[in-house]
Structures are given as structure tokens and as C-alpha cells.
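Structural features, examined
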Amino acid sequence: MNQAQNPLSLSLRRIWALAHNTFLELVRLKVFYFLLLFAFLIIGSSLFTVQFSFQNPLQVLKDVGLGAMSIFSWLLGLLCTANLLPKDMEDRTLYTILAKPVSRFEYLQGKLYGVFLLLGLSVLLMSLLFAGVLAIREQQEIAELARNLSAENLPAAVAEIRAATFQMNLLPGVVLILLKAMLCSTLTLLLSTLATSSVFTVLTSVVVYLIGHVQGIAREAWLAGGQASPLLKVLIAGMALAFPDLQLFNVVDEIAVGTALPALLFWQVAGFGGMYILVYFLLAQLVFSTREL
Amino acid sequence: MRKALCILGLLAGFGCLKTAAEHYLLTVQRSAGFQLATLSGQTRTQLGQTGFVAALSGFRALMADLLWIRAGSAFDRTEWPRMQMLLHAATQLQPRAVVFWEMAHFHMAYDASHSMRLNVRQQPAAALRRVAELEYVQIGEDFLKAGLVFNPESATLWQRLGELYSRRRDDPARASAAYAEAARKPGALGFLRRMAAYELAKVPGKDREAYEQLRSLYLEGEPQRLPNLVRLLRQLEEKLAVPEAERVYTTPSAPSGTPASR
Amino acid sequence: MSATAILIKDLCKEFPVPFRRETVKAVQNLSLEVPAGEVYGLLGPNGSGKSTTMKIVLGLIRPSSGSTEVFGVDSRRVESRENVGFLPENPYFYKYLTGLETLLFFGKLCGLSGRHLRERSFELLQTVGLEEAADRRLGGYSKGMLQRIGLAQALLGEPRLLVLDEPTAGVDPAGAHAIRDLILQCKQRGITVLLCSHLLGQVQEICDRIGIMDRGELLAEGRIDDLAGKKNQIEMVLENATPTLLESLGALSLASGARVVSQRGARTDLEKFFLDVTRHRS
């Protein structure tokens, strides 16, 4: 065959081939059209929010955008991941791939990285579009102000507008949105190694997502040790132990109104998310490696 | 079977570890100003089922905006109690948005309370109108104080509290304290220290302290020597019979100048 | 180089039945050896355990007991697949990839890269007669084309063992013929082939040795001639034979102690006829 190479680089090349292929699959399945919805939403609400006089229209637009980014990236990751394994198994492409010198560990990694690649690119595209629309609206608002306000009051009003647009300090918040979507994708991958139908995978993943966002409430109630019935206590404790607290990744709303995210805190939350991704992935590998194909 | 138990044990161990990590992260985040929103019963009622789920899963700020916009339409129809509930829900969802607290207090302590005072058609008794007016001032004050719990470092909210005590309560002592607090916050505007001193000067028995504050402001230099400050300082010097030699403002004929700022 | 391509020893595979205590025995005590360079046909009705055996050889599922080795490496190890090419039954590859992209993808999984990979891919596309369809997506391929691209990807890593599962299932006679020729080419190049099929005619043409499985057990095994040949009989096809000649041949046979067992008008092979007709059209 070809020249002898070290097994690690060969393995990385295989993983990359699988990841690239997964990414290509998703792109050619036209999942990016899904992002058009995001574009419609942002541009639509940018036109729509003009009529809100009671609340700063740019603030509303920003909140729509950040919320939509959070939901869209999650949904994209979930729907793309849920079908990867079942489809390969159904079409028996999995046999062809695993009959090559490819380990299941490499295969699973490749699939997941492909989804991560897609998510990263999607979040980047959404951010760019979002920042672009906000910048245009910002210019319009400032032009409007310049017509209506005296030169004396203008700088303060302009500063207020600027504060409501897309700023660099939002970036760590956006990264955490991406990380949350990646975590949920890994969870979906884990579920799909367990499941026999993708309907089950999707539904369970959605439920975990919803519970993940109230988990914090349950956990704090459990740790505070209130007066609940023993059954309820066990239930709440189970919920706290089994589900991830996804609310911890939602920091962008506070950043948007001016709360500074300390760098250490960002890395702590990011590390926490990374740990979750790792654990879910290893579990998925554990299940997948023993699964009969 | 043993393997399954082993895995289950490991998972439980991980669950405990991650729960501890989550608790720690939540504490750190709260102290940095994150995760402070409360979704208590009233807020939930205002949101409805769908809105509640949306607020939990990424659309919290947007839900706050929507509540806020609904509060705007309540304002247009002068439905004050409804507006109060909506403002409350919005601030609970987005407690770090200072502008929400600020505007909420303003709509209650000024708009709503004025509206109560002028509400002759529905409430002919002046005394009762006055009671209603003061109730809304109190609601506005409560908004500010609640906002300060979430944003203790906000100069704006402290300033608004000072204004409320000064204009709506005729309570110069508390107004002065609030202004002084505002002046100590990061990003505070320069006039807040003067406001604190002006209010203090209105408090009976605080002449000496007010005088000291005004004097030290005066000594800071030209930008502080505004006509109001100079006038008050002179009055207090007279009132306290400050010896001529100690007076900062000895020659009434000297040009006080018209300082540039404000 | 190990002289044994596939070695199966006392292989058993049981599948659990969901919600029951019993199990289904897919393969029972199977022992089998395929020497390098041989074309081995594994025959049997549906559900006889052929596919399970093949999957175990390829490391796709684990044996319940016993062992399988490919060129001396345990099938459970990834390295065992370095010398193996596999064509699954009715292969579906990624529809969104073109023929060339498919080969490039699988080539990378085999550890190939760069120019070498491209050259090898083009070469194989030519070998299987798909060079014109190289840039078309697989979604538009016919069944025969899919089978051929499948064979091409199986050959990418220059395997020493080729595992083929029903390689001509659902393919028209012309395609089947082409695939058979490809397999024979591989055989000439010394590649070991494990062929699973229930098309007995095809197996008879290609294979050196066969094994017949039913309900997980190997019932018979041996060289085709040994199993299917009738040693004391011979067939003879005559052209332009007159009735007189036939009569005298019969008499001659009787005189020498032989017996004419059957005599009928010869027909052309239907496959050959079909191929002749369709070839003339094109």
C-alpha cells in the first residue's frame, strides 16, 4: 500500500474524512435552507419592530436575534444528529464503512465533528447576518435622530443606540450558545445509539432540553432541602442528578443589557460544557461499541 | 449485570460531581449578575404557558420585551393596575436591565400617580385622590428598591431614588442620602454630589454638614462654582455666622463667573 | 504472509430475543478454512446464517463463542480489516456523493490520500466501467451501477480478501455478467474471495470450493466437482447429427457396456441468448 505512517495521524485523517463527509451530507441535504428562516425572522422583525415606540426597537431586535440563535442552533444540531446513525444503519452504509479499517470510536467522532462543523458555521453565519441587520438599523436610527435632535443631545442618544446593537462583548455569550447546541447534539447522538427509532431520539432529546432548563430550579430546591414529601424529594434529586443545567449557558441576555461576563466565568462555563460533551460522547461510544449491527 | 451496576454507579458519581459544579457555577454567575431572573407565579401567569416555556429556553429577554410592549398598550389605555403587573413581570424576567426598572418606576411614581391626582371624575374626594396618588408613588419607590437589589451599583437607579424622595415625597434627608449613594457609584454624573448637598441643606438641623459639603465642593474649583451652589453657600455662611476670615465667599462684588458646564 | 485467508473455529452466535429468556442460534459450531487465493462460495437459504458469519468475519458483530481470523488477525481487531474489501448486499452509498467522491471518501478511510488516491479511483472507475458516470450523484445510479461502484470501493485498498454478499442480486444479466468477469479477474490476480449467494449457477461458474449452510450449521463442504460432478457420466453436444448417427452411437455405447441416460434437443443458454440479443441492439 502506501508509505508507512504513524497510526495517530492515519486515525485523525480517517476522522476528518468522516467529519467532512458528514458535513457534506448535511450541506447537500440542504439544511442550510433552515437558516433562511432565521434570515426571514431577523429581517422581518427588523421591519416590524420599527413600530414599537414603547420599547427601544433595536433592543427588541437584538433579543429576537439572540433568542432565535439559541433556538435555531439547538434545533439544527438536534435534527441533524438524530438521523445520522439510523440512516447509516438503515442504508447499510455503516457496514461498508466499518468493514474498512475504521474503528467505531473514529466513526462516532467523525459524525459528531461533522455536526459541530455545521453548527459552528451556522452560528457564524447567523451572527454575521444578525450583526449586519443591526448595523443597518443602527445607521437608520442615528440618521433619524440626527434629523430630530439638537446637536447638544445627539451624542448621548447615539451612545444609547450604539449600546443596543451587536457588540463584541456578546461574542462569549454567542460561543456559549454554540456550546449548548453542541452539548445537545452530543446528547442526541448518545440517545440515537440507544434508540431504535429517530422519533424516540428527537422526542427524548426535546424533553431533556426542556427539563434541562428547569433543572436549576429543582436542584436549588433540593439542595436547599425544603419540606417536600419524600417521594417528591427523590424525584427532584433524580432530576438534578440526571439532567444537565442548560440555563447556565444562557448568559447572553444579561450581557445584552450591559452585564460584564468575567473571563474566568466564561472559561468555567465553557469547561463545564466541554466536560458534558466528553461524558456524553464517551457514553455514546460505550453503547455503540457493544451494539450489534 | 455487574457491568451495568458499575456503569450506573459511575453515572451516579458523575451526577453528584456535576450537580456540585452546577451549584458552584450558579453561585458564581449570580454574584456576577447572571441568572437572577425569577419566574414566580405572577410572572408565569403573565407569560402564559407558551411564553413560560419560551422564556425558559432562550427567549427570556424577548418575552420581557413583549411584556414590556404590552405594558405600553396598557399605558395608552391608562390601565394602571394592569400596567403595574406587566411591568413587574418584565422586570422579573430581565432584572439586569436598568432601563426597565427606571422606566417602570417613572410610569408608576409620576404618570400613574399624577393621573390619580387628576382623576376627578371617578374620585371626587380630594383626600382619597391623594391617597391613591401616594400609593402609586410607593409602587414606583418599590420598583426602584427592587431594581437596586439586582443592580446595586447602578448610579442611575440611586439618582432616580433621590429624585423621587425630593420631588414626590418632600423628604430631603432621604433624597440627599440617595444622591450621595449615587455619586459613589461607577459612572456617576458630576452633579450628583451637588444634588446631595443641596438636599441636605433643606434638612432642618443639618446646616453645618451641608455647609461643609458645599464648601469642599466650592474649593474643588471653577466647575463646581455654579450660581446655585454659590447662593446656598452664602446663605449658610450667613445663617451659621461663619467668621469673615473663614468664608470662602468674601467679596460679594467679585465676579462669580458663569461657569461653562451645566 | 499467512496461507490461510479466513479461519473460522467453532463459531457460535446467539441473538437474544427481546423480552424472553431464550435466544436464537444464528450460527452453531461453524469451522471453516479458506486458503489464500481461493474463491469460496457460501451457500444456503435465507436465514441460514451466511450473513451473520460474514458479519462476524468482518468484525461487525461479535461471536458468542469461537473465533474468526483474517490472515491470522482476530476479526475483532480493526487491523484485521486492512486487507479486506467488502461489498454488502444491495449496497446503498451516500446518494449525495458522486461516483468519484464515493471512491475518494472510502479511499481515505483505507488510509489512501493525495494523488495516489485519485489515480487509484480513476483506475477503478475504469475497471468497473463507470468512468462516464464518475461525476454523477449516486442517487441517479441504477442497481447494477451501484453494485459496480460497490465493487470498486471494495477493491480500493488493494485487498487480499474480498467479501461479497449477493453481488448480483437484482442486477440485470448483462450487469451480472460484468460483475462475474470482475470477480474472475480478481481471482486471476490471486485475491481470495468469499462469496455469499443463493444463485447456484453463478456460484458453480466462479467458485473453487463451496460450503452449504442451513439453520446455522455447515452441512456440506468441498470442491464443486467433488460435490456436484457425476463421475461416471459425461455430456456430449453434437451439431448436425443425423438420426442414423444417433442410432449407431447408441448401439456402439451398448456394445461397449455404457448406457445413454438421456438425449434431448440442445437449447442455447437463455442468458447467452439474452446477451446476444441486447448486444446486437446496442
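About the criteria used
Residues numbered from 1 in each chain as written. Chains lettered and ligands numbered in written order. Predicted model: local features only at pLDDT ≥ 70, side-chain atom pairs only at ≥ 80, totals over all residues. Helix = DSSP H or I, 4+ residues; strand = E, 2+ residues; numbered from the N terminus. Rg over C-alpha atoms; globule rule 2.2 N^0.38 Å. Buried ≥ 20, exposed ≤ 12 C-beta atoms within 10 Å, placed from the backbone. Contact = placed C-beta atoms within 7 Å. Pairing = 2+ DSSP bridges. Axes fitted to C-alpha atoms, helices over the stretch in contact; angles between N-to-C directions. Nonpolar A, V, L, I, M, F, W, Y, C, P; charged D, E, K, R; others polar. Expected span 1.5 Å × (residues − 1). pLDDT = per-residue confidence, 0-100. Core = buried A, V, L, I, M, F, W, Y, C linked by C-beta atoms within 7 Å. Right-handed = clockwise from strand over helix to strand, strands pointing away. Parallel < 35°, antiparallel > 145°, perpendicular 65-115°, else oblique. Left-handed = near helix turned anticlockwise from the far one by under 90°.

1. Re the overall build of chain B
Counting secondary structure elements, chain B contains 11 helices and zero strands. If you list the helices and strands of chain B from N to C, you get α-α-α-α-α-α-α-α-α-α-α. Over its C-alpha trace chain B gives a radius of gyration of 26 Å, far above what one expects of a compact globule, namely 18 Å for 262 residues. Dimensions of chain B, computed from the C-alpha atoms along their principal axes, are close to 100 × 55 × 35 Å. Here chain B holds 262 residues, and 40% of them are scored as buried. The long-range share in chain B, meaning contacts at least 24 apart out of those at least 6 apart in sequence, stands at 52%.

2. Looking at the overall build of chain A
Within chain A one finds 11 helices and zero strands. What you see in chain A, going N to C, is helices and strands ordered as α-α-α-α-α-α-α-α-α-α-α. Its C-alpha atoms give chain A principal-axis dimensions of roughly 75 × 60 × 35 Å. With 293 residues in all, chain A has 45% of them scored as buried. Partitioning the intrachain contacts of chain A with sequence separation of at least 6 by distance along the chain shows that 82% fall at a separation of at least 24.

3. Details of the sheet that holds strand β10 (residues 217-223) of chain C
Think of a sheet as strands paired side by side through backbone hydrogen bonds, with each pair either parallel or antiparallel. Residues and elements named next belong to chain C. A sheet is described by the order of its strands in space; here six strands give the open sequence β6-β7-β8-β3-β9-β10, paired in mixed fashion. One side of each edge strand has no neighbouring strand; the edge strands of this open sheet are β6 (84-87) and β10. Each strand axis lies, on average, 15° off the axis of its neighbour in the sheet, ignoring direction. Bridging between strand β3 (residues 39-43) and strand β9 (residues 209-214) involves four bridges; their strand directions are parallel. Looking across to β9, one finds that L42 is bridged to G211.

4. Focus on the interface of chain A and chain C
Many structure descriptions define interface size as the accessible area lost when the parts assemble. Residue-level contacts link 24 residues of chain A with 27 residues of chain C. Elements with a contribution of two residues or more to the side of chain A that touches chain C: α1 (7-28) and α4 (93-98) of chain A. The residue inventory of the side of chain A that touches chain C, partitioned by class, reads 11 nonpolar, five polar and eight charged.

5. Side note on helix α4 (residues 80-93) of chain B
All names here are of chain B. Along its 14 residues, α4 runs 20 Å from first to last C-alpha, staying within 8% of the 20 Å computed at 1.5 Å per residue. Counting buried positions over the 14 residues of α4 gives 11, a clear majority of the element. On its buried face, α4 sits against α2 (41-56), α3 (60-76), α5 (98-117) and α6 (126-150).

6. Some words on the interface of chain A and chain B
Tallying the contact residues gives 37 residues for chain A and 32 residues for chain B. Here the side of chain A that touches chain B gets eight residues from one element, more than from any other, and that element is helix α3 (residues 57-90) of chain A. The residue makeup of the side of chain A that touches chain B, split by class, is 22 nonpolar, 10 polar and five charged.

7. Re the confidence of the model for chain A
With 97% of its residues at a pLDDT of at least 70, chain A reaches an overall mean of 87. Within chain A, the element-level pLDDT minimum falls on helix α6 (residues 154-163) of chain A, averaging 76, and the maximum on helix α7 (residues 171-194) of chain A, averaging 95.

8. Concerning the pairing of β3 of chain C
All names here are of chain C. By the criterion of burial, β3 is predominantly enclosed, with five of the five residues buried. Taking every second residue as pointing to the same face, both faces of β3 are buried, with V39, G41 and L43 on one and Y40 and L42 on the other. Pairing geometry for β3 and strand β8 (residues 192-197), over five bridges, is parallel. Among the inter-strand pairings, L42 is bridged to a residue of β8, identified as C196.

9. Let's talk about the nonpolar core
Ranked by size, the top nonpolar core spans 195 residues in total, and within it L67 and A90 of chain B together with V163, V193 and L195 of chain C carry the most contacts. Leave out the neighbours within four places in its chain, and L67 of chain B touches Q46, L86, A89, A90 and L93 of chain B.

10. Some thoughts on the sheet that holds strand β2 (residues 23-35) of chain C
Residues and elements named next belong to chain C. What the four strands build is an open sheet, ordered β2-β1-β4-β5; its pairing is antiparallel. On the outer flanks of this sheet lie β2 and β5 (73-74), each paired with one strand and no other. Across nine bridges, the pairing between strand β1 (residues 4-16) and β2 is antiparallel. Paired with E14 across the bridge in β2 is K25. Across the sheet, helix α1 (residues 50-57) lies against β1, β2 and β4 (65-70), angled at about 115° from β1, the strand it touches most.

11. Examining helix α7 (residues 155-167) of chain B
All names here are of chain B. Under the 1.5 Å per step criterion, the end-to-end length of α7 is 18 Å for 13 residues, consistent within 8% with the ideal 18 Å. Among the 13 residues that make up α7, 10 are buried, leaving the element largely enclosed by the rest of the structure. Where α7 is concerned, the buried positions are L157, W158, Q159, R160, L161, G162, E163, L164, Y165 and S166. Contacts made by the buried residues of α7 are with α5, α6, α8 (172-184) and α9 (191-202).

12. Focus: the pairing of strand β7 (residues 161-165) of chain C
All names here are of chain C. Buried residues dominate β7, accounting for five of its five residues. Looking at chain direction, β7 and β8 are connected through five bridges and run parallel. Residue pairing in the sheet places L161 in a bridge with T192 of β8. This β-α-β element, β7 to helix α5 (residues 173-188) to β8, shows right-handed connectivity.

13. Some words on the environment of V175 of chain A
Residues and elements named next belong to chain A. With respect to the helices and strands, V175 occurs in helix α7. What makes V175 partly exposed here is the crowd of 19 C-beta atoms within 10 Å. As a C-alpha pair, V175 and F249 span 74 residues in sequence and 9.3 Å in three-dimensional space.

14. Looking at the packing of α2 of chain B against α3 of chain B
Residues and elements named next belong to chain B. At their nearest, the axes of α2 and α3 sit 9 Å apart, and the two run at 155° to each other. One way to sum up the angle between α2 and α3 is to call them roughly antiparallel. Taken as a pair, α2 and α3 cross one another with a handedness that is right-handed. Where α2 approaches α3, its residues Q46, L47, G51, A54 and A55 are matched on the opposing element by R60, M63 and L67. Partitioned by chemical class, the residues of the contact of α2 with α3 number five nonpolar, two polar and one charged.

15. Side note on unusual backbone geometry
At Q35 of chain B, a residue that is not glycine, the phi angle is positive and equals roughly 55°. Inspection of the secondary structure assignment puts Q35 of chain B in the loop between α1 (2-31) and α2. Judged by local crowding, Q35 of chain B falls into the buried class, with 20 C-beta atoms found within 10 Å. Unusually for a residue other than glycine, N29 of chain C sits at a positive phi of about 45°.

16. Considering the confidence of the model for chain B
All names here are of chain B. The predicted model of chain B averages 88 in pLDDT, with 95% of residues at 70 or higher. The low-confidence segment residues 253-262 (pLDDT under 50) makes 12 contacts with residues lying over four places distant or belonging to another chain. The complex prediction reports pTM at 0.86, with the ipTM value standing at 0.87.

17. With respect to the packing of α4 of chain B against α5 of chain B
Residues and elements named next belong to chain B. Relative to each other, α4 and α5 sit at 170°, their axes nearing to 10 Å. Relative to α5, the element α4 is oriented roughly antiparallel. Side by side, α4 and α5 meet where W80, M83, Q84, L87, A90 and T91 of the first sit next to F100, W101, A104, H107, M108, A112 and S115 of the second.

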